[in-house]
Amino acid sequence: EAQVTQNPRYLITVTGKKLTVTCSQNMNHEYMSWYRQDPGLGLRQIYYSMNVEVTDKGDVPEGYKVSRKEKRNFPLILESPSPNQTSLYFCASSDTFGEKLFFGSGTQLSVL
Amino acid sequence: AQSVTQLDSHVSVSEGTPVLLRCNYSSSYSPSLFWYVQHPNKGLQLLLKYTSAATLVKGINGFEAEFKKSETSFHLTKPSAHMSDAAEYFCVVSDRGYSTLTFGKGTMLLVSP
């Protein structure tokens, strides 16, 4: 089944403790991206990747890192999480940029 | 810069009545426009996509949207609402000039019996 898999589904952590949210797609998509969703703000793009080893900042990249060493994986790294990064995070992929996005189920992150 | 404005944060309709969710956009280039739907505790799902082939776009579940360049609008409609349509809807602009996607803030559709 074609899908985007995010883990974990829920995560509670403390300020400053590094964490990684994994994202994997099995559709051989070139484009992958990360979003955060906050009430009243919709989805905002954090980082995106046009292909392997090609990443770029979205609208809200501060405090986040990404890597794209393999085509299928696009992890989101928070080196030193802060409470303002408490949010619902979505990973998405598409065949190429501008095509239909396939979304993961989301990761609800709480930073205490 | 590109932007998307969804004109209503909430829309309430009765089952069987028409649905209109409004979206205005701005873009410096020829944009692609999308509508996505998010049901509670789910990821987003594509409803329909405009890419300049036709101004009236038909999507899944009876939804359609009309691209009006002169009004910079891409409103989503459905002739008859169903209870299962209750969800949050997002208008999205994709602009190759910027290589980014911009989401509207969402419109929550409430459907009453």
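Rules used in this analysis
- Residues numbered from 1 in each chain as written.
- Chains lettered and ligands numbered in written order.
- Predicted model: local features only at pLDDT ≥ 70, side-chain atom pairs only at ≥ 80, totals over all residues.
- Heavy atoms only, no water.
- Helix = DSSP H or I, 4+ residues; strand = E, 2+ residues; numbered from the N terminus.
- Rg over C-alpha atoms; globule rule 2.2 N^0.38 Å.
- Areas by Shrake-Rupley, 256 points an atom, 1.4 Å probe, with all protein chains shown as cover.
- Lys, Arg positive; Asp, Glu negative; His and termini not counted.
- Charge placed at Lys NZ, Arg CZ, Asp CG, Glu CD.
- Pairing = 2+ DSSP bridges.
- Salt bridge = Lys/Arg side-chain N within 4 Å of Asp/Glu carboxyl O.
- Buried < 20%, exposed > 50% of the residue type's maximum accessible area, 1.4 Å probe, protein only.
- Phe/Tyr/Trp six-rings, centres within 6.5 Å; stacked < 30°, edge-to-face > 60°.
- Lys NZ or Arg CZ within 6 Å of the ring centre and 35° of its normal.
- Contact = heavy atoms within 4.5 Å.
- Polar contact = N/O pair within 3.5 Å; in protein donor to acceptor, adjacent residues only side chain to side chain.
- Nonpolar A, V, L, I, M, F, W, Y, C, P; charged D, E, K, R; others polar.
- Disulfide = S-S within 2.5 Å.

When its secondary structure is counted, chain A shows 0 helices and 11 strands. A compact globule built from 112 residues would reach a C-alpha radius of gyration of about 13 Å, and chain A, at 13 Å, matches this within 12%. Here the C-alpha coordinates of chain A stretch approximately 35 × 25 × 25 Å along the principal axes. Working note: accessible area of chain A is about 5200 Å², and carbon and sulfur atoms make up 50% of it. Taking the average location of the 12 positive side-chain charges in chain A and that of its 11 negative ones, the two points are 7 Å from each other.

Before going further, it helps to examine the sheet that holds strand β1 (residues 4-7) of chain A. Residues and elements named next belong to chain A. With antiparallel pairing, the 4 strands of this open sheet are ordered in space as β1-β3-β8-β7. Single-partner strands in this sheet number two, and they are β1 and β7 (65-66). The pairing of β7 with strand β8 (residues 76-78) spans 2 bridges and is classified as antiparallel. Paired with Lys65 across the two strands is Ile77, which belongs to β8.

Under the defined criterion, the tally for this structure stands at 8 salt bridges over all chains. The partner of Glu79 of chain A in a salt bridge is Lys65 of chain A, and the shortest N-O contact between them spans 2.9 Å. Note that Glu79 of chain A is positioned in the loop between β8 and β9 (87-94) and Lys65 of chain A in strand β7, a separation of 14 residues in sequence. On the basis of relative accessible area, Lys65 of chain A is assigned to the partly exposed category, the value being 41%. Measuring nitrogen to oxygen at the nearest pair gives 2.8 Å for the salt bridge that ties Lys58 of chain B to Glu64 of chain B. Taking the relative accessible area as the measure of exposure, Lys58 of chain B reaches 63% and is therefore exposed. Residue Glu64 of chain B is classed as partly exposed on the basis of its relative accessible area, which comes to 23%. Bridged by salt links that share partners, the residues Lys18, Lys65 and Glu79 of chain A form one connected network.

The next point concerns the packing of aromatic side chains. On inspection of all chains with the given rule, the structure shows 14 aromatic pairs over all chains. When the centroid spacing of 5.5 Å and the interplanar angle of 45° are considered together, the rings of Phe63 of chain B and Tyr89 of chain B count as tilted. Placement of the pair is Phe63 of chain B in the loop between β7 (56-58) and β8 (64-68) and Tyr89 of chain B in strand β10 (residues 87-95), with a sequence separation of 26 residues. Taken as a pair, Phe63 of chain B and Tyr89 of chain B share a single burial class, namely buried. Among the aromatic side chains, those forming a connected cluster through ring pairs are Tyr35, Phe90 and Phe103 of chain A together with Phe34, Tyr36 and Phe103 of chain B. The ring of Tyr10 of chain A has Arg9 of chain A lying over it, and the distance from NZ or CZ to the ring centre is 5.2 Å.

Another point: the interface of chain B and chain A. At the junction of the two partners, chain B supplies 21 residues and chain A supplies 20 residues. For the salt bridge of Lys49 of chain B with Glu99 of chain A, the shortest nitrogen-to-oxygen distance reads 2.9 Å. Seen at the junction of chain B and chain A, the total is 4 residue pairs in polar contact (both at pLDDT 80 or more). Counting residues per element, the ones that place at least two in the side of chain B that touches chain A are β5 (32-38), β6 (44-50), β10 and β11 (100-103) of chain B. In terms of residue count, β10 of chain B provides more of the side of chain B that touches chain A than any other element does, 4 residues in total. A per-class count over the side of chain B that touches chain A returns 8 nonpolar, 7 polar and 6 charged.

All names here are of chain A. You can see Leu109 is positioned in strand β11 (residues 107-111). Taking the relative accessible area as the measure of exposure, Leu109 reaches 2% and is therefore buried. For the pair Leu109 and Arg9, spaced 100 residues apart in sequence, the C-alpha to C-alpha distance is 8.5 Å. Once residues within four sequence positions are removed from consideration, Leu109 is found in contact with Leu11, Thr13, Leu19, Leu78, Gln85, Thr86, Ser87 and Tyr89.

Residue and element names in this part refer to chain A. Overall, the coordinates contain 2 disulfides over all chains when judged by the stated rule. Across the disulfide from Cys23 sits Cys91; the S-S distance is 1.8 Å. Residues Cys23 and Cys91 share a disulfide whose torsion about the S-S bond is about -70°; that sign makes it left-handed. Here Cys23 is found in strand β3 (residues 19-25), whereas its partner Cys91 is found in strand β9, with 68 residues between them in sequence.

The values reported here are purely geometric and, on their own, carry no functional implication.
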